[in-house]
Amino acid sequence: MPPIDRRNFIRHIIAGSGALASGLLTACNNDGAANASTSNTFTHGVASGDPLTDRVILWTRAVPASGSSLNVNWEVASDEAFSNIVSKGETSTDAARDYTIKVDATGLQAGSTYFYRFKTGDAVSPSGKTRTLPTGDISEVKLAVFSCANYPAGYFHVYAEAAKRNDLFAALHLGDYIYEYGAGADQYASADATKLGRVSVPANELLKIEDYRQRYAQYRSDKDLQALHARLPFICIWDDHEVANDAWKDGAENHTTATEGDFTLRRAAALKAWYEWLPVREQDASNPLKAYRSFDFGSLLSLHMLDTRLGGRDKQLDYVDYIDPSTGVFNTAGFTAAMSDPTRQLLGAEQTAWLQGQLAASTAIWQVLGQQVLMGKMHLPSPLLTPTPQNPTVSFAQYGVIATAFITYQTLSTQLTAAGTPVTPENLLAAGMTTDQLTIVNDPTSQAIINAPSIPYNLDAWDGYAVARETVYGIARLLDKNLLVLSGDTHNAWANDLQDQDGNQVGVEFATGSVSSPGLEEYLPGTSPAELAAGVRQLIPTLAYADTSKRGYLVLRVTPAEAQADWHLVSTVKETVYTTVLDKSLTTLPGAGNRKIVRT
Ligand SMILES: [Fe+2]
């Protein structure tokens, strides 16, 4: 999600709208997770990721006291005390990879918990805890889902809360692990950065490899993020801000070639740092864009991590491009034609074919898509979105008043007619309608507002790629799969029934809020979050849940009988003291005829 001022909110929503001494072993707590720490040698803790049944990626960063490279030993043990070493080896690092270290530790047993650490000379890294994917029949898996962590926007309490838990298998990060903006109170989500002691480094917007590396180093200095990495294997995919806002395959909203150079070079630098700093297994060394990959949790679920950003996405449509600047008339036919273009891609043809193959090959009960942007249809009345003469802009509150007036009118008119009473102003007032409501229903502008069509609120999401979405829905239906879609990007929490253009129920979407990036409360300060959520739910019947004002994470609990999403929200990311709440739990059941959110 991009930074949004009032104008940008409209634009976004319609057009596409963040010292211990060297060698000291950090003690594990009872569960094996290392305390966050830095040392002169191991500067950024440890991490693991991309678990398979026999291997897992291990990560650390080790900086030599002198010289340009460093040999580092790694070891994996079945016990926290490292008395039973099951795998070990030696590797090296140097400045060419920013002194990061990634090891694919092999020869492990499926469904097992392991502890790992690194050593060089007298220096020993903190130890981490990880696990391998299970095989066979699995009774339950719990995955924590995160997106949109903006360092200057607030503390990473969300990571801290997840790190305290004992029941999670892995952390899924759906992107915006970092943000690319420069420092300064006027930069996106950075107004409180100085007060919080979280001013972005480097101060400039990230463009070159050194910039991206420095930013990752800052984020990974965060003790809460270090704690979570040490505790759970991560499965990561990027969103746009790992490169630049609203990225697509050949550019980004926040990239200007004339002043910032070739986008391809910037993207290559960003992805090199991403692969260096995150515990991700490279799929194709010759093609860093190919990050989509699957993880099988026995016969219970297959997780397919998708790239909706960089590899295959065509440029976002923009409503502004279809408005005649002189008349303000919206070119409906032109916009509809562009939206209907069958060649328009989000995943790209290659990834789509790959996904179809993965879904077809998997016999797991649940097929889970881990991806970035909202897939559910989120159409809102155009007057809420477009400031054009044809569609006067109104606020959610104003729209609510108008809608209530018309609903009241319809209800009372029906009652009067049923009673054989004429529908007159006097009788409507006598039946309970207010004078203001009567004025509203007789006002041509209000009538235009209530009769205006609903349109996608975010063209950067799947809503802006409706044909590509139908393709995915068609694949899932044809293959008769139980589809669960996990999404991030918006900074807000959502749950949606996924229905194709013919109204067929295809699956469900559980979308996590952000770790710290601001949500809609920042852009609609005069609107009550509860009223906004209720209003949006009323306007979007497939929407089962919305929270637009709190930061948090989502836990997906999957069993053979059901899948459940729990939204855990924190009270603030602006203070060190906070509270957490389980705001909502929703479930879905497998099998044709189900595959929708159980409404309670
Ligand atoms: Fe974001």
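Being a predicted model, the structure only gives us computed values, none of them experimental.

Calculation notes
- Residues numbered from 1 in each chain as written.
- Predicted model: local features only at pLDDT ≥ 70, side-chain atom pairs only at ≥ 80, totals over all residues.
- Heavy atoms only, no water.
- Donors = N, O, S within 2.8 Å, 3.2 Å for Na, K, Ca; no water.
- Tetrahedral: all angles 85-135°; square planar, octahedral: opposite > 155°, others 65-115°.
- Buried < 20%, exposed > 50% of the residue type's maximum accessible area, 1.4 Å probe, protein only.
- Phe/Tyr/Trp six-rings, centres within 6.5 Å; stacked < 30°, edge-to-face > 60°.
- Lys NZ or Arg CZ within 6 Å of the ring centre and 35° of its normal.
- pLDDT = per-residue confidence, 0-100.
- Contact = heavy atoms within 4.5 Å.

Visitor: Hey, could you go over the coordination of the iron ion for me, with residue numbers and the actual values?
Guide: Surrounding the iron ion are the protein donor atoms Cys 148 (SG), Asp 176 (OD), Tyr 179 (OH) and His 491 (NE2), which sit 2.1 to 2.5 Å from the metal. Its 4 donor atoms give the iron ion angles of 87 to 170° at the centre, a pattern that matches the irregular case. Along the chain, the residues donating to the iron ion are arranged with the sequence spacing C-x27-D-x2-Y-x311-H. In terms of burial, Asp 176 and Tyr 179 fall into one category: buried.

Visitor: Describe the packing of aromatic side chains, naming the residues involved and giving the relevant values.
Guide: Evaluation of the coordinates by the stated rule reveals 22 aromatic pairs. For the ring pair Tyr 151 and Phe 156, a centre distance of 6.0 Å and an interplane angle of 80° mean the geometry is edge-to-face. By the burial criterion, Tyr 151 is buried, and Phe 156 matches it. Taken together, a centroid distance of 5.8 Å and an interplanar angle of 45° make the contact between Tyr 179 and Tyr 188 tilted. In textbook terms, an aromatic cluster arises when at least three aromatic residues are bridged by ring pairs, as seen for Phe 146, Tyr 151, Phe 156, Tyr 159, Tyr 219 and Tyr 553. Of note, Arg 117 hangs over the ring of Phe 82, and the distance from its end group to the ring centre comes to 3.9 Å. Here the guanidinium or amino end of Arg 344 rests over the ring plane of Tyr 465, the centre of that ring lying 4.1 Å away.

Visitor: Quick one: what's the story with the confidence of the model for the chain, residue by residue and with numbers?
Guide: One rule of thumb: low pLDDT means the predicted coordinates there are not for detailed reading. Overall, the predicted model of the chain reaches an average pLDDT of 92, with 92% of residues at or above 70. Taken as a whole, residues 1-37 scores under 50 in pLDDT and shows 130 contacts with residues more than four places along the chain or in a different chain.

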